[in-house]
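Here's the letter readout for the chains.
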Amino acid sequence: MSARLWRYGPDLLLGLAVAGYGFSEANRFVVESTTSIHRVELAVVLTAASVALFRILPGAALGIAWVTALFQFTGGPPALMAQLSFGLVAYGAARHGDRTVLWLSGLSLPCGAVMAMLLILRRGIDLTSPLADLVRPLGALHLASLTLVGAALLAVVAVPWLIGLLQRVRIKAERDQAQAEARRLRAEIERTQAQEIAELRDGQARLARDVHDVVGHSLAVILVQAESAQFLPQTDTAAMRRTMENIAASARQSLREVREVLASTMDDGQHPAAAPTGSLDSLLDSVGTAGSPLRSTVQGRPRPLPPELEAVAFRVLQEMLTNALKHGRRGEPVLVERHWADTLRMEVRNTVADGPTGPDGARGPVDGKRHGSGINGMRRRLDAVGGRLDVRCAEEPDTGPVFTATAWMPLRAGGTV
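Per chain, residues are indexed from 1 in the order of the written sequence. With pLDDT at 70 or above as the cut-off, local features in this predicted model cover only qualifying residues; side-chain atom pairs require 80 or more to be listed or tallied, and sums for whole chains, interfaces and linings still use all residues. Side-chain descriptors were evaluated using all non-hydrogen atoms of the structure, hydrogens and water having been removed beforehand.

## Structural notes on the overall build of the protein
Here is step 1: Check the secondary structure of the protein and you find 12 helices and five strands.
Here is step 2: Looking at the protein residue by residue over its 417 residues, the buried ones come to 40%.
Here is step 3: Only heavy atoms enter the contact rule, under which two residues are in contact if any of them lie within 4.5 Å. Within the protein, contacts between residues separated by at least 24 positions form 70% of all contacts whose residues are at least 6 apart in sequence. Secondary structure elements follow DSSP: runs of H or I of four or more residues count as helices, runs of E of two or more count as strands, with numbering from the N terminus. The classification of residues rests on relative accessible area computed with a 1.4 Å probe and restricted to protein chains. Under 20% of the type maximum is buried, over 50% is exposed, and intermediate values are partly exposed.

## Observations concerning the UniProt feature "transmembrane region" (unreviewed entry) in the protein
Here is step 1: Using the residue numbers shown here, the UniProt feature "transmembrane region" (unreviewed entry) corresponds to residues 42-69, 75-94, 101-121 and 141-166.
Here is step 2: Secondary structure over residues 42-69 splits into 82% helix and 0% strand, and the C-alpha atoms at its two ends are 12 Å apart.
Here is step 3: Taken end to end, residues 75-94 has its terminal C-alpha atoms 30 Å apart, with 45% of it in helix and 0% in strand. UniProt positions are given in the numbering used here, feature names are shortened, and annotations may be inferred rather than shown by experiment.

## Examining the packing of helix H2 (residues 37-52) against helix H4 (residues 86-96)
Here is step 1: Under this scheme, a helix contributes an axis fitted over its contacting stretch, all axes are lines through C-alpha atoms, and angles between N-to-C directions fall in the 0 to 180 degree range. Between H2 and H4, the least distance of the axes is 8 Å, while the angle of their chain directions is 35 degrees. For H2 against H4, the interelement crossing comes out left-handed. Of H4, the residues touching H2 (which contributes Thr 47, Ser 50 and Val 51) are Phe 86, Leu 88 and Val 89.
Here is step 2: When residues are grouped by polarity, Ala, Val, Leu, Ile, Met, Phe, Trp, Tyr, Cys and Pro land in nonpolar, Asp, Glu, Lys and Arg in charged, and all others, Gly among them, in polar. Here the residues of the contact of H2 with H4 are counted per class, giving four nonpolar, two polar and no charged. Working rule for handedness: look at the near helix, and if it is turned counterclockwise from the far one by less than a right angle, call the crossing left-handed; if clockwise, right-handed.

## Remarks on the sheet that holds strand E1 (residues 294-299)
Here is step 1: One bridge is not enough; two strands pair if DSSP finds at least two bridges between them. Spatial ordering of the open sheet is given by E1-E2-E3-E5-E4, a layout of five strands whose pairing is mixed. In the strand order of this sheet, the two ends are held by E1 and strand E4 (388-396), each with one partner. The mean inter-strand angle of the sheet, taken between neighbouring strand axes irrespective of direction, is 15 degrees.
Here is step 2: Both E1 and strand E2 (residues 334-340) contribute to a ladder of six bridges, which runs parallel.

## Comments concerning the pairing of strand E5 (residues 400-410)
As a general feature of sheets, a regular strand has side chains that alternate between the two faces.
Here is step 1: Of all 11 residues in E5, 10 are buried; the element is thus mostly enclosed.
Here is step 2: Pairing analysis gives nine bridges linking strand E3 (residues 343-351) to E5, with the strands arranged antiparallel. Within E5, the position partnered with Thr 351 by the bridge is Val 402.
Here is step 3: As judged from the nine bridges shared by E4 and E5, these two strands associate in the antiparallel manner. Looking across to E5, one finds that Ala 394 is bridged to Val 402.
Here is step 4: In this structure, the hairpin formed by E4 and E5 is closed by a connection of three residues.

## A look at the pattern of salt bridges
Here is step 1: For this analysis, a salt bridge means a side-chain nitrogen from Lys or Arg found within 4 Å of a carboxyl oxygen belonging to Asp or Glu. What the rule picks out here adds up to 10 salt bridges.
Here is step 2: The network of salt bridges with common partners includes Glu 337, Arg 345, Glu 347 and Arg 349.

## Considerations on the nonpolar core
Here is step 1: Take the buried residues of types Ala, Val, Leu, Ile, Met, Phe, Trp, Tyr and Cys, join any two whose side-chain atoms come within 4.5 Å, and each joined set is a nonpolar core. Among the nonpolar cores identified, the biggest contains 37 residues, and Leu 317 and Leu 321 are the most heavily contacted of them.
Here is step 2: Of all elements in the fold, only helix H7 (143-229), helix H10 (280-289), helix H11 (307-327), E2, E3, helix H12 (373-384), E4 and E5 reach the threshold of two or more residues within this core.
Here is step 3: Setting aside residues up to four positions removed in sequence, Leu 317 forms contacts with Leu 280, Leu 283, Leu 284, Val 336, Met 346 and Val 348.
Here is step 4: Core analysis: the next-biggest nonpolar cluster, separate from the first, contains 16 residues, Ala 61, Ala 65, Leu 102 and Trp 161 among them.

## What about the environment of Pro 304?
Here is step 1: Along the polypeptide, Pro 304 turns up in the loop between E1 and H11.
Here is step 2: On the accessibility criterion, Pro 304 (75% relative accessible area) is exposed.
Here is step 3: Residues Pro 304 and Arg 412, spaced 108 residues apart in sequence, show a C-alpha to C-alpha distance of 9.6 Å.

## Focus: the packing of helix H3 (residues 58-73) against H4
Here is step 1: Two numbers describe how H3 lies on H4: the axes approach to 9 Å, and their chain directions differ by 145 degrees. The two elements H3 and H4 meet at a crossing, and its hand is left-handed. In this structure, H3 contributes Pro 58, Ala 61, Leu 62, Ala 65 and Thr 68 to the contact, and H4 contributes Phe 86, Val 89, Gly 92, Ala 93 and His 96.
Here is step 2: Residue classes in the contact of H3 with H4 are distributed as seven nonpolar, three polar and no charged.

## Brief notes about the side chain of Thr 322
Here is step 1: You can see Thr 322 is positioned in helix H11.
Here is step 2: Using a relative accessible area of 2% as the deciding quantity, one classes Thr 322 as buried.
Here is step 3: Excluding residues that lie within four positions of it along the chain, Thr 322 makes contacts with Gly 216, His 217 and Ala 220.

## A look at helix H8 (residues 237-263)
Here is step 1: Here H8 contains 27 residues, and its C-alpha end-to-end distance of 38 Å stays within 8% of the 39 Å for a straight helix at 1.5 Å per residue.
Here is step 2: Listed in full, the buried residues belonging to H8 are Ala 239, Thr 243, Ile 247, Ser 250, Ser 254, Glu 257, Val 258 and Val 261. Residue count minus one, scaled by 1.5 Å, sets the expected span of a helix.

Next comes the structure, spelled out in structure tokens:
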């Protein structure tokens, strides 16, 4: 309440000042015998109330001003000098009023000027006021004097109204600009947050793919070694020891790679994803060491790859071999072909065990729709560097269903195939 009083206190003081001036004007008013001094005082009170409310209640101030005008026009006192303060009411309606008050005040400008002019013609004016000298020529009803008085009365309310309207438009434009800036900042924050979330999810997906490839491949190799150990003669302890050593080596290699992958996500993700250890040849050698028959051919001239492409090639070939070891027929060789030309083409073929199965154990022919997470991971890796992947399972009369995975990738970063 005190804050509101402090804000609108000057308006109340202004209303009191208008009332004081109006009462002093009423005391020296020369009126007709039929006009009571109390009518003049009532007009002064209404005028002062309208001025005091021009900011806090602009609609009420406009209404009181019209009540005052109608009261004077229908038998009240003549026009008062104090009523020039109605310009403040016009300003308040244009600056602080709502849309309805704004339109009503705009319509009130010409209507009020005409009514004031008619009031002067009909009721006269305080003969002691400065307006008397201006309107005395109206006794002859000169058109020039009538026009001058009308223009002056209109300017008294129109100029403050226009000033209030301009300030209203300016403040609204500033408010709209501030809101637009706030929306822009909010959109920028949301975009930054969305980008951070996308980067986090991308890092999580990359981590999941790396762990899947490392663990899946190591477990497949260990599984092949463990199954082959079942068929070793119990007396061949040397072969059994070599198999166990291979299993331990595969497990150690898997544990080391998992640690490297996890370490790459530490320190708030400032380090890039860990590159796989070893080369394509060492990856093929590890599968052959595991005891699974593997035939590898190379066409063209091998060449070094950029680090990011070398990592993709390693992970993709690793996942291809993992699928071949998991779903291939035991004892049948895995065929691996690498073709070096304008692009690197890697193809892995294996005979499917126990009838046709899709990748990652999905039953049924591979039609490009029923893919496991390994196939999807390979495809995402290749898409990221401009490569592509093709997987299919075809029935061959001699060997049965054969699963073939073929990957193409560029030989330089940013290329496409």
